[in-house]
Amino acid sequence: MLHTSISIAAIILMALSTGFTQAQVARIDVDAAAGGTPISPVLWGIFFEEINHAGDGGIYAELVRNRSFEDASIPQAWALIGGDVNKSRITIDTSRPLNTRNTRSLRWEIDEGAPPVSVANEGYWGIAIEKGKRYRLSLYCRRDERFRGNLTVSLQGTNGQVYAQHTLQNIGTQWKQFSAVLTSSATDPRARLVITAASPGTVWLDMVSLMPTDTFKGRANGLRKDLAQMLAELKPSFLRFPGGCFVEGDRMRNALRWRDTLGDIAERPSRWCVWDYTTTQGLGLHEYLQMCEDLGAEPLLVVNCGMACQYRNGDTVPLDALDEWIEDALAAIEYAVGSPASKWGALRAKNGHPKPFPLRFVEVGNENWGPAYEERYARFYDAIKARFPHIQIIANSPVRSRPMDILDEHYYSSPEWFISQASRYDRYNRRGPKIFVGEYAVTQGCGTGNLRAAIAEAAFMTGMERNGDIVVMAAYAPLFVNVNDRKWNPDLIGFDSSRCYGTPSYYVQKLFSVYRGTHVLPLKVDAPAVTVTETRGAVGLGTWATQAEYRDVKVTHNGQTLFASDFSQGAIGWRVVRGDWQVVDGSYRQNSPATDCRAVVGDTAWADYTLTLRARKLGGAEGFLIMFRVRDDNNWYWWNLGGWGNSKHAVEKCVGGGKSIVSNEVPGSIETGRWYDIRIEVQGARIRCYLDDKLIHDFEDKSLPALYAVASRNHRTREVILKVVNVSNRAVETEIRLRGVRSVQSLGKVVTLTSDSLDDENSLQNPMRVAPVESRLSGVTPQFRYIFPRHSLTVIVLKER
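A.B. asks: Which residues make up the overall build of the protein, and what values do they have?
C.D. replies: Regarding its fold elements, the protein presents 11 helices and 54 strands. In summary, the protein has a C-alpha radius of gyration of 30 Å against a globular reference of 28 Å for 801 residues, a match within 12%. Along the first, second and third principal axes, the C-alpha atoms of the protein reach 100 × 75 × 55 Å. When each of the 801 residues of the protein is scored for burial, the buried share is 58%. Contacts spanning at least 24 positions in sequence make up 73% of the contacts within the protein whose residues lie at least 6 apart. For the protein, the accessible surface area stands at approximately 30800 Å², while carbon and sulfur atoms represent 48% of it. Of the charged side chains in the protein, 93 are positive and 88 negative; the average position of the first set lies 5 Å away from that of the second.

Below, the structure is given as structure tokens:
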């Protein structure tokens, strides 16, 4: 981290030189006299899922790819090299497996005249080795009667240079494990493991493993040190694992069964994961719990609730067969927290950890919903609470069948959406469940992880921390990406076989986590507007899992008709975005049961107009969607009548493809078969919505400010911590007042994250292009001025006297 020093006087001179006037100065008032509201001590954490080769080929330190030959019916990642390869063959064999859980091995046939010939494994896009480092080799081998020689195992460069080698002798006709430690004589990020035979005959290989001895915390079957250190530097309070959709599988037959992830790695069956590759399961339940302990993070276990990933094709475990999955969850919890005298606690102790792990949080399923989830959640809730009443149970969609200790909410959207949602949790009901923002990230306009995404996420995070009494946990997602296999974009940490880097979002997460207060302080921000609310746009109609018809659509401006359609001449001018739209008997009818069905019409330049129409529900789950201020398919408003399961009315705004509620929410439903009169009036920022001539909503959609901030006090260190995000394209001079503080130490700390362009990213080649810069701030008093750079996150730490 870079270090600089700057004084308050210098900041004021900078303000004068950039042309700021008194009217342009923003204000941040912090009520430091208040005791403050406690912030959840586990607010900032991390979420690990096996995706993008985050585990295998990533943080799991195994260097050999397809080590157990279970990946496919052909020997993927293995190749013949050297000698006369036309006189040698490698195939997958199932005739005499090493064990019943891994039924495939490599059959290597070597003809007369072929030796010496070799098979090589290049790992996950290269095996990275370092000079002087030691690597633990383990493999199982057997031979036929013809093979009478030895096998030589070596680490080699792609040019054949040998960095280390060991000879395996006394190979028998029965499976036998061999092991050795190889010390590399050179550094090479793209080395390979080579096994060379000097005799004709047939050799079988299985569970060929190569692990560095220098793992994180020195654990056997451990973690890649540099990647684990990146996590440690985030100082996470919790680790959610092992998914995500990874837990559920694309089908229930591919769902995670945690018992398969324990014990000898040679006995762990491989598993096809939802992200289209085979996993070794070397990173199992015990390793995850150990990872939590080594990172100083609380474990958050996600269990399969008997539903496939996002309820694909309705694939669920029947309710009468659900007990097996419930018992699976209970056993996993007992493995973590049970005493060594318990069945599963004893196995944990046998595996090297007699002391229970401090598991307090269990999430039932991932991204599941609907009646099927309601039923299954209730069964899991009752069983877990009966056996482990201390466990906090997390639901991943709103349920009514049982209480929700914590509700998991996921957000992937545009930068504009995240900025606009900075105040989202200000209005959450404090009598409802606590909130876990279990997955979130800017996924539009983000490159492969740029400053634009990071700044928008930082603005959103100020709102989560400001509401740290109800938002008790939050984690960015996904965590890792091997740059050679990017299944999801963007991600927090990128890596290849030997290098890694954090995206700008990584440093946002780090700054929020490292600089934590214990209590949030009230504050008021008065800053110039950075965006003006768009008041223009066309109109449209829609439905959500509902069939409905509309007629007599009319748009007027100051008594002038801009558009009118009674559909007597068809749907002239209408553009269908989605759905089955047809003109029937003078009505525009949407017949599809699909969600998000839309048709739009009009001029995007229309402003300050009144939209009137009639609507009738024909069937389905909800009511009507009446669109206005439609700029394009990703930017619009709609009045959602009878939304959320036909339970309420509200206006939603879509920015960059992400929706959010911008009006008050009014309980209400839409009846089937009844005609309704609908009117929407838009005038500048003001929006009024009428149903059957009754005013339902009357509000203003205000412009977004340039600054987003949260203030906290750490009562242990007597520090006031101010986090300020400037989302605008200009620096903002700000007067900061700490009310209720008599004096502060004159020297403060400032950490700033910014860059020249919102498109700037980090990479393997330039890992610190966008990184925090630390500086000292002198001349600080309870009232001072500071210039927040454009497109920046700034953390100011002040010590009270």
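A.B. asks: Describe the sheet that holds strand β21 (residues 392–395), listing the residues and the values that go with them.
C.D. replies: Pairing within the open sheet is parallel, and its eight strands lie in the order β4-β16-β19-β20-β21-β22-β23-β24. Here the strands that pair on one side only, and so sit at the sheet edges, are β4 (46–47) and β24 (471–474).

A.B. asks: Kindly report on the sheet that holds strand β26 (residues 493–495), identifying the contributing residues and their values.
C.D. replies: Taken together, the three strands give an open sheet; going across it, the order is β25-β26-β27, and neighbouring strands pair in mixed fashion. Bordering the open sheet on either side are β25 (480–482) and β27 (500–502), each of which pairs with just one other strand. Adjacent strand axes in the sheet meet at a mean angle of 20°, parallel and antiparallel pairs treated alike. Sheet analysis places β26 next to β27, joined by three bridges and oriented antiparallel. Across the sheet, the residue bridging to I493 is G502, located in β27. Along the sheet face, helix α2 (residues 225–232) touches β25, β26 and β27 and points at about 15° away from the line of β27.

A.B. asks: Account for the pairing of strand β49 (residues 719–726), naming residues and giving values.
C.D. replies: Looking along a regular strand, one sees the side chains alternate between the two faces of the sheet. Across the eight residues that make up β49, a large majority, seven, are buried. Between strand β48 (residues 707–714) and β49, which follow one another and run antiparallel, lie four residues, and R718 among them has a positive phi close to 55°. With eight bridges joining them, β49 and strand β54 (residues 792–799) adopt antiparallel strand pairing. Counted as the bridge partner of K723 is V795 from β54.

A.B. asks: Break down the environment of S68 for me, with residues and values.
C.D. replies: Among the structural elements, S68 can be located in the loop between β4 and β5 (78–81). As for S68 and T103, which are separated by 35 residues in sequence, their C-alpha atoms are 9.0 Å apart. Not counting residues up to four positions away in its chain, the partners in contact with S68 are N102, R104, D206, M207 and S270.

A.B. asks: Go over the packing of helix α9 (residues 451–466) against helix α10 (residues 504–514), please, and point to the residues and values.
C.D. replies: α10 packs onto α9 with a crossing angle of 25° between their chain directions and a minimal axis gap of 8 Å. Taken together, the axes of α9 and α10 lie roughly parallel to each other. Handedness of the crossing formed by α9 with α10: right-handed. When α9 is examined against α10, the residues L451, A453, A454, E457, A458, M461, T462 and E465 are found in contact with a partner set consisting of P504, S505, V508, Q509 and F512. Among the residues forming the contact of α9 with α10, the class breakdown is eight nonpolar, three polar and two charged.

A.B. asks: Before we move on, could you go through the pairing of β24 and cite the residues and values that matter?
C.D. replies: In this structure, strand β23 (residues 434–442) lies alongside β24, joined through three bridges in parallel fashion. Its bridge partner lying in β24, I435 is registered against V471. Each parallel crossover has a hand, and for β23 linked through α9 to β24 it is right-handed.

A.B. asks: Account for the side chain of N467, naming residues and giving values.
C.D. replies: Positionally, N467 belongs in the loop between α9 and β24. Polar contacts involving the side chain of N467 include one to the main-chain carbonyl oxygen of G463, which spans 2.8 Å. For N467, the residues in contact, after removing those within four places along its chain, are Y425, D426 and R430.

Rules used throughout
Residues numbered from 1 in each chain as written. Predicted model: local features only at pLDDT ≥ 70, side-chain atom pairs only at ≥ 80, totals over all residues. Heavy atoms only, no water. Helix = DSSP H or I, 4+ residues; strand = E, 2+ residues; numbered from the N terminus. Rg over C-alpha atoms; globule rule 2.2 N^0.38 Å. Buried < 20%, exposed > 50% of the residue type's maximum accessible area, 1.4 Å probe, protein only. Contact = heavy atoms within 4.5 Å. Areas by Shrake-Rupley, 256 points an atom, 1.4 Å probe, with all protein chains shown as cover. Lys, Arg positive; Asp, Glu negative; His and termini not counted. Charge placed at Lys NZ, Arg CZ, Asp CG, Glu CD. Pairing = 2+ DSSP bridges. Axes fitted to C-alpha atoms, helices over the stretch in contact; angles between N-to-C directions. Parallel < 35°, antiparallel > 145°, perpendicular 65-115°, else oblique. Left-handed = near helix turned anticlockwise from the far one by under 90°. Nonpolar A, V, L, I, M, F, W, Y, C, P; charged D, E, K, R; others polar. Right-handed = clockwise from strand over helix to strand, strands pointing away. Polar contact = N/O pair within 3.5 Å; in protein donor to acceptor, adjacent residues only side chain to side chain.

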